[in-house]
Amino acid sequence: MSLEEYGKKRDFSKTSEPKPETKDSGSRIYVIQKHNASHLHYDLRLEFDGVLKSWAIPKEPPTKPGVKRLAVQTEDHPIEYARFEGNIPEGEYGAGTVEIWDAGSFDVVERSDDKYLVDIHGIRLNGRYYLVKFRGSGGDKNWLFFMRTG
Ligand code: MN
């Protein structure tokens, strides 16, 4: 899902969230934002191709192997969004509070259309992680996010 979709969902005269612009940060940004909206969730964002690829994780992200989390892909976010914390006003898309839950960088080990293998260098999350698209029910937005075992 594109950055254009990000722009369409938001009224930038009302929300202080960053405007939809592509940018190369010079490194690969990793961030997880705890988003207390209508449902509390965790937004995982990884920098690829000048944008933040994004997934919403309904439960606390795995900090050790053995836990697999559903990660629902959402629209790409602008690079600037990695630093966003604050309140999205009532009535706006994603209304609620956003706080940075973990942040750092990552390296790409392997990447294909339905699989990302990355080394995450954060504080809470540190190690090799998989994002794997799974087939079957729920359309094409559902991925599994987990830490590599062994
Ligand atoms: Mn969110």
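Residues numbered from 1 in each chain as written. Predicted model: local features only at pLDDT ≥ 70, side-chain atom pairs only at ≥ 80, totals over all residues. Heavy atoms only, no water.

Asker: What is the right way to read the packing of aromatic side chains from this model?
Answerer: In the structure shown here, the tally under the stated rule is 11 aromatic pairs. Ring geometry for W55 versus Y116: centroids 5.6 Å apart, planes at 80°, classification edge-to-face. Taken together, the positions of W55 in strand β3 (residues 51-57) and Y116 in strand β7 (residues 115-121) put the pair 61 residues apart, joining distant regions of the chain. Each of the two residues, W55 as well as Y116, counts as buried. Their ring planes at 75° and their centres at 5.6 Å tell us that W55 and W143 sit as a pair that is edge-to-face. In this pair, W55 sits in strand β3 while W143 sits in strand β9 (residues 142-147), placing the two residues 88 residues apart along the sequence. Judged on exposure class, the residue W55 and its partner W143 are both buried. Members of the aromatic cluster, connected to one another through ring pairs, are F48, W55, F106, Y116 and W143. Over the face of the ring belonging to F146 we find K68, whose NZ or CZ atom lies 4.7 Å from the ring centre. (Phe/Tyr/Trp six-rings, centres within 6.5 Å; stacked < 30°, edge-to-face > 60°. Helix = DSSP H or I, 4+ residues; strand = E, 2+ residues; numbered from the N terminus. Buried < 20%, exposed > 50% of the residue type's maximum accessible area, 1.4 Å probe, protein only. Lys NZ or Arg CZ within 6 Å of the ring centre and 35° of its normal.)

Asker: Would you mind going over the side chain of R10 with me for this structure?
Answerer: Locating R10 in the fold gives a position in the loop between α1 (3-9) and β1 (29-36). Among the polar contacts listed, one links the side chain of R10 to the side chain of E17, at a separation of 3.2 Å. Beyond its immediate sequence surroundings of up to four residues, R10 is in contact with T15, E17, E75, H77 and Y93. (Polar contact = N/O pair within 3.5 Å; in protein donor to acceptor, adjacent residues only side chain to side chain. Contact = heavy atoms within 4.5 Å.)

Asker: Which parts of the structure should I look at to understand the nonpolar core?
Answerer: Taken as a class, soluble globular proteins show a tendency for nonpolar side chains to be buried jointly. Within the largest apolar cluster, 20 residues are counted, with the highest numbers of intra-cluster contacts made by L44, L131 and F145. Where this core is concerned, the elements lending two or more residues are β1, β2 (40-48), β3, β6 (96-112), β7, β8 (126-133) and β9. Here this core takes four residues from β2, the largest share from any one element. Grouped together as the second largest cluster of nonpolar side chains are 12 residues, L3, V51, L52 and Y81 included. (Core = buried A, V, L, I, M, F, W, Y, C linked by side-chain atoms within 4.5 Å.)

Asker: It is not clear to me how the confidence of the model for the chain should be interpreted in this structure. Could you clarify?
Answerer: Caution is warranted with low-pLDDT regions, since their predicted coordinates should not be read in detail. Predicted confidence across the chain gives a mean pLDDT of 94, with 97% of residues reaching 70 or more. Summarising per-element confidence for the chain, the mean pLDDT is lowest in α1 (93) and highest in β1 (98). (pLDDT = per-residue confidence, 0-100.)

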